[in-house]
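Reading the structure
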Amino acid sequence: MSISRKKGPLYLQVKKIVKDRILHGIYPLGTNIPPEPQLEKEFQVSKMTVRNAIRELSVEGYVEKKSGVGTIVLRNTSLSKLSKGKRFTELLVEEGHRLEKKLISAAPVRLEAGTELGSLFGAACHRIERLYVLNDQPYIHIIHFLASETHDPDISDMQSLYELLEEKNIVLDNFRDRFLVDFATPETAKLLGLEAGAPVLKRLRYSYDAEGRLIEYSMGCYHTELHHYLVNYDT
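Residues numbered from 1 in each chain as written. Predicted model: local features only at pLDDT ≥ 70, side-chain atom pairs only at ≥ 80, totals over all residues. Heavy atoms only, no water.

1. Details of the sheet that holds strand E8 (residues 214-222)
- Sheet architecture is open: 6 strands sit in the order E3-E4-E5-E8-E7-E6, paired in antiparallel fashion. Two strands bound the open sheet, and with one partner strand each, they are strand E3 (99-110) and strand E6 (172-183). On average, each strand axis in the sheet is tilted by 15° relative to the strand beside it, whichever way the strands run.
- As paired elements, E3 and strand E4 (residues 124-134) share 11 bridges and run antiparallel to each other. When the bridges of E4 are listed, Lys101 appears paired with Tyr132. (Pairing = 2+ DSSP bridges. Helix = DSSP H or I, 4+ residues; strand = E, 2+ residues; numbered from the N terminus. Axes fitted to C-alpha atoms, helices over the stretch in contact; angles between N-to-C directions.)

2. Considerations on the nonpolar core
- Membership of the largest hydrophobic core comes to 19 residues, with the highest contact counts inside it found for Ile22 and Ile33.
- A per-element tally of this core places helix H1 (residues 10-23) first, with 6 residues. (Core = buried A, V, L, I, M, F, W, Y, C linked by side-chain atoms within 4.5 Å. Buried < 20%, exposed > 50% of the residue type's maximum accessible area, 1.4 Å probe, protein only.)

3. Re the pattern of salt bridges
- Within the structure shown, the criterion is met by 13 salt bridges.
- Residue Glu60 pairs with Lys19 through a salt bridge whose shortest N-O separation is 3.9 Å. Of this pair, Glu60 sits in the loop between helix H3 (47-59) and strand E1 (63-66) while Lys19 sits in helix H1, placing them 41 residues apart in sequence.
- Of the charged contacts in the structure, one is a salt bridge between Arg98 and Glu100, with a shortest N-O distance of 3.7 Å.
- Within this structure, Lys15, Lys19 and Glu60 form a network of salt bridges that share partners. (Salt bridge = Lys/Arg side-chain N within 4 Å of Asp/Glu carboxyl O.)

4. Quick notes on the side chain of Thr89
- Looking at where Thr89 falls in the secondary structure, it is placed in helix H4 (residues 87-94).
- For Thr89, a relative accessible area of 15% corresponds to the buried category.
- Ignoring any residue separated from it by four or fewer positions in sequence, one finds Thr89 in contact with His24 and Leu99. (Contact = heavy atoms within 4.5 Å.)

5. Overview of the packing of aromatic side chains
- Following the criterion strictly, the structure yields 8 aromatic pairs and no others.
- Here Tyr139 and Tyr222 contribute two aromatic rings whose centre-to-centre distance is 6.0 Å and whose plane-to-plane angle is 85°, an arrangement assigned as edge-to-face. Note that Tyr139 is positioned in strand E5 (residues 137-147) and Tyr222 in strand E8, a separation of 83 residues in sequence. Summarising the burial analysis for this pair, Tyr139 and Tyr222 share the class buried.
- Taken together, a centroid distance of 6.2 Å and an interplanar angle of 20° make the contact between Phe145 and Tyr217 stacked. Here Phe145 is found in strand E5, whereas its partner Tyr217 is found in strand E8, with 72 residues between them in sequence. Of the two residues, Phe145 and Tyr217, both sit in the buried class.
- Among the aromatic residues, ring-to-ring pairing joins Phe88, Tyr139, Phe179, Tyr222 and Tyr229 into one connected group.
- Stacked on the ring of Tyr206, the Lys or Arg Arg176 has its end atom at 4.3 Å from the ring centre. (Phe/Tyr/Trp six-rings, centres within 6.5 Å; stacked < 30°, edge-to-face > 60°. Lys NZ or Arg CZ within 6 Å of the ring centre and 35° of its normal.)

Shown next, in the form of structure tokens:
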């Protein structure tokens with residue numbers, strides 16, 4: 001994972017990466033995160049940088065450092081304002097699954113008038129394509145389209161798009177999901193290990209801010225033979 005002083009304090013970048021790994025089950029609940037020397041080597045940072053990152057995670061309740069034991073993961077759910085938008089991934093992690101995200105592409109795109117995306121975002125938006133891997137098996141092929149004001153030159157390095165939005169003080173207030181059965185395109189089929197044209201669960205998500213402006217539109221295709229899509233309702 002690439003980090004750079006141009007992206008802000010190094011300890012905060014290390015903290016974000018480790019936190020995201022905790023939230024997605026890479027470092028499971030009740031286990032130890034890698035020892036400090038290993039993190040120093042991975043991120044090419046000083047001991048103080050790693051310790052500051054771990055201290056921040058400890059203050060937020062994600063980890064606890066115990067003498068002679070190491071740094072233990074105490075919590076793997078987010079207290080983010082946008083946590084409901086991430087609830088499905090949190091449910092997977094709570095069940096003991098491991099979810100990794102692999103970037104396929106990220107770039108600004110120009111949109112043509114009269115197209116669906118053009119009607120949603122105007123002349124341009126930012127396109128991010130990712131593959132989610134569940135327990136080492138391809139699970140979700142997802143493409144995000146973000147409003148131009150969310151553009152960030154380092155967006156490809158962000159593990160959580162929702163955290164990126166929060167850092168820009170963009171609060172998502174409403175989500176609208178639409179589900180349908182679709183047929184896998186050759187690209188999606190190849191990424192998910194399916195035959196071209198195989199049926200897949202497709203989720204279309206529209207994410208709005210408090211003023212009703214569309215901030216994100218995403219299309220996700222799920223390999224539901226690996227795991228059903230879950231919806232959790234809080235009372």
